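In case you want the letters, here they are:
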Amino acid sequence: MLLEIQNIHKTYPRGRPVLNDVSLSLERGQTLAITGESGSGKSTLLNLAGALDSFDSGEIVLDGTALSRLDDRGRALLRREDVSLVFQQFNLIPSLTVAQNLSFHARLANRVDPEWLAHLTATLGLADLTQRYPEHLSGGQQQRVAIGRALAVRPKLLLADEPTGNLDETASAAVLDLMLSLVADTGAALLLVTHSPVIAARLDRTAHLANGRIA
Ligand SMILES: Nc1ncnc2c1ncn2[C@@H]1O[C@H](COP(=O)(O)OP(=O)(O)OP(=O)(O)O)[C@@H](O)[C@H]1O
Ligand SMILES: [Mg+2]
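Residues numbered from 1 in each chain as written. Chains lettered and ligands numbered in written order. Predicted model: local features only at pLDDT ≥ 70, side-chain atom pairs only at ≥ 80, totals over all residues.

Looking now at the overall build of the protein. A count of helical and extended segments in the protein gives 7 helices and 10 strands. Taken against the 2.2 N^0.38 rule, which gives 17 Å for 215 residues, the C-alpha radius of gyration of the protein at 17 Å falls within 12% of a compact globule. For the C-alpha atoms alone, the extent of the protein along its principal axes is close to 45 × 35 × 35 Å. The buried share of the protein, reckoned over its 215 residues, is 38%. Taking as baseline every contact in the protein between residues at least 6 positions apart, the subset at least 24 positions apart corresponds to 72%. (Helix = DSSP H or I, 4+ residues; strand = E, 2+ residues; numbered from the N terminus. Rg over C-alpha atoms; globule rule 2.2 N^0.38 Å. Buried ≥ 20, exposed ≤ 12 C-beta atoms within 10 Å, placed from the backbone. Contact = placed C-beta atoms within 7 Å.)

For the rest of this paragraph, the subject is the pairing of strand β2 (residues 17-26). In terms of strand pairing, strand β1 (residues 3-11) meets β2 through 7 bridges, oriented antiparallel. Residue pairing for β2: T11 is matched across the bridge by P17. Once β1 ends, the chain turns through 5 residues before running back antiparallel as β2, passing R14 with a positive phi of about 65°. (Pairing = 2+ DSSP bridges.)

Around ligand 1 lies a shell formed by Y12, G15, V18, G36, S38, G39, S40, G41, K42, S43, T44 and Q88. For the shell around ligand 1, the class distribution of residues is 2 nonpolar, 9 polar and 1 charged. (Near = placed C-beta within 6 Å. Nonpolar A, V, L, I, M, F, W, Y, C, P; charged D, E, K, R; others polar.)

The 6 strands are arranged β6-β7-β8-β3-β9-β10 in an open sheet whose pairing can be described as mixed. Where the open sheet ends on each side, the last strands, each with one partner, are β6 (83-86) and β10 (213-214). Relative to β6, helix α5 (residues 139-152) is tilted by about 175°, and along the sheet it contacts β6 and β7 (157-161). (Axes fitted to C-alpha atoms, helices over the stretch in contact; angles between N-to-C directions.)

Turning our eyes to something else, we now look at the sheet that holds β1. Pairing within the open sheet is antiparallel, and its 4 strands lie in the order β2-β1-β4-β5. A strand with exactly one partner marks an edge of an open sheet, and here the two such strands are β2 and β5 (65-66). Sheet topology note: the strand β4 (residues 57-62)/β5 ladder contains 2 bridges and is antiparallel. Across the sheet, the residue bridging to L62 is T65, located in β5. Here helix α1 (residues 42-49) sits on the sheet in contact with β1, β2 and β4, set at roughly 125° to β1.

Right, let's get into the UniProt feature "domain: ABC transporter" (unreviewed entry) in the protein. In the UniProt entry, the feature "domain: ABC transporter" (unreviewed entry) is given for residues 3-215. Along residues 3-215 the backbone is 36% helical and 25% strand, and the end-to-end C-alpha distance reaches 19 Å. (UniProt positions renumbered as here; feature names shortened; annotations may be inferred.)

So, about the pairing of strand β9 (residues 205-210). For a regular strand, the rule is simple: side chains alternate between the two faces of the sheet. Examined bridge by bridge, strand β3 (residues 31-35) and β9 share 4 bridges and lie parallel to one another. Of the residues in β9, the one forming a bridge with L32 is R205. With 2 bridges connecting them, β9 and β10 associate as antiparallel partners. By the bridge assignment for β10, L209 is matched with I214.

Residues I34, L158, L159 and L191 are the most contacted members of the largest nonpolar core, which totals 56 residues. When residues of this core are assigned to their parent elements, the largest contribution, 6 residues, is made by α5. Non-local contacts of L159, meaning those with residues more than four positions away in its chain, are made with L46, A49, G50, V83, S84, L85 and L191. (Core = buried A, V, L, I, M, F, W, Y, C linked by C-beta atoms within 7 Å.)

The next subject is helix α6 (residues 169-186). Between the first and last C-alpha of α6 there are 26 Å, a value that for 18 residues agrees with the 26 Å anticipated at 1.5 Å per step. Inspection of α6 places V175, L176, M179 and L182 among the buried residues, and these make up the whole buried set. Burial along α6 is one-sided: seen end-on, the buried residues are contained in an arc of 115°. Turned more than 90 degrees off the buried face of α6, the exposed positions are E169, T170, D177, A184 and D185. Just downstream of α6 lies G187, where phi reads positive at about 75°. (Expected span 1.5 Å × (residues − 1). Arc of directions from axis to C-beta.)

What follows concerns unusual backbone geometry. One non-glycine residue, N7, lies in positive phi territory at about 50°. Its location among the elements puts N7 in strand β1. By the C-beta count within 10 Å, which is 13 here, N7 ends up partly exposed. One non-glycine residue, N91, lies in positive phi territory at about 55°.

What follows is the structure, encoded as C-alpha cells:
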C-alpha cells in the first residue's frame, strides 16, 4: 500500500470535529476521487495526507513512513520528494514567472527534467505564457501552472484539490489525461477532490465524505 489513512480524527482549535474516524487506502497506480459538500473536510484530508498539518489520533502511513512520527524536517523532506499537492488556491509564487513556478518544486527536489517540463508546458497550454507572472494570468491559467508544478516532480503521491475547478471541459479533460498518464507511467497514486461526476467516473474509485466520515 502506498497510502494508508487509518482511523483519523481531526478537530481544529475551537471547532467541531471535521474528520471522525476516516480510513482509506491507496495502492501504487491507483486513483481515488473524494467528493463531499463544501466544508465536509476534503481539503483537510488532503492536507493531512500531504503532511502539511497534524491529526489528533489515528495514523497515516505513506510508503511505509508513519507521518505521526516525523519531525518538521522529516515532513519537509517528504513534501519535497514524495508528495505533490495541487492546492485549491493554487499558491503560486508571485515573484516568479510561469516557467520558474513550473520548475520550482522540481528544482528543490533536484529532479529537473527539461523534456518533461516542456511536455507539461505544452500539454497544459502554457507555452506562450512562460515569461508572465501569476498576477497577469487568468484563474484557469494559474490552476494549470499549479498542476504543472506538482507533476514536474513526478511524485509518488499526487494530491489534487479540485484541480479542474476553474477549467472548461476541454481543459479539464486534458488535465485529467495528464494526471492519469503520470499514474500509468510512474505508478504514482492520485487522490483527487472533485465535484464533477464526469471526472470522478474516470478514476478507479470514489469516496464520499459526509459528517466527518467516509460514506
Ligand atoms: N485552519 C482552520 N481552522 C479552523 N477551521 C478550519 C480550518 N480549515 C478548515 N476549517 C473548517 O473545517 C471544515 C472543513 O474544511 P475543509 O476546508 O476541509 O472543507 P472542504 O470539504 O475542502 O470544503 P470546500 O469544498 O469548500 O473546499 C470547515 O467547517 C472549515 O470551516
Ligand atoms: Mg476544500
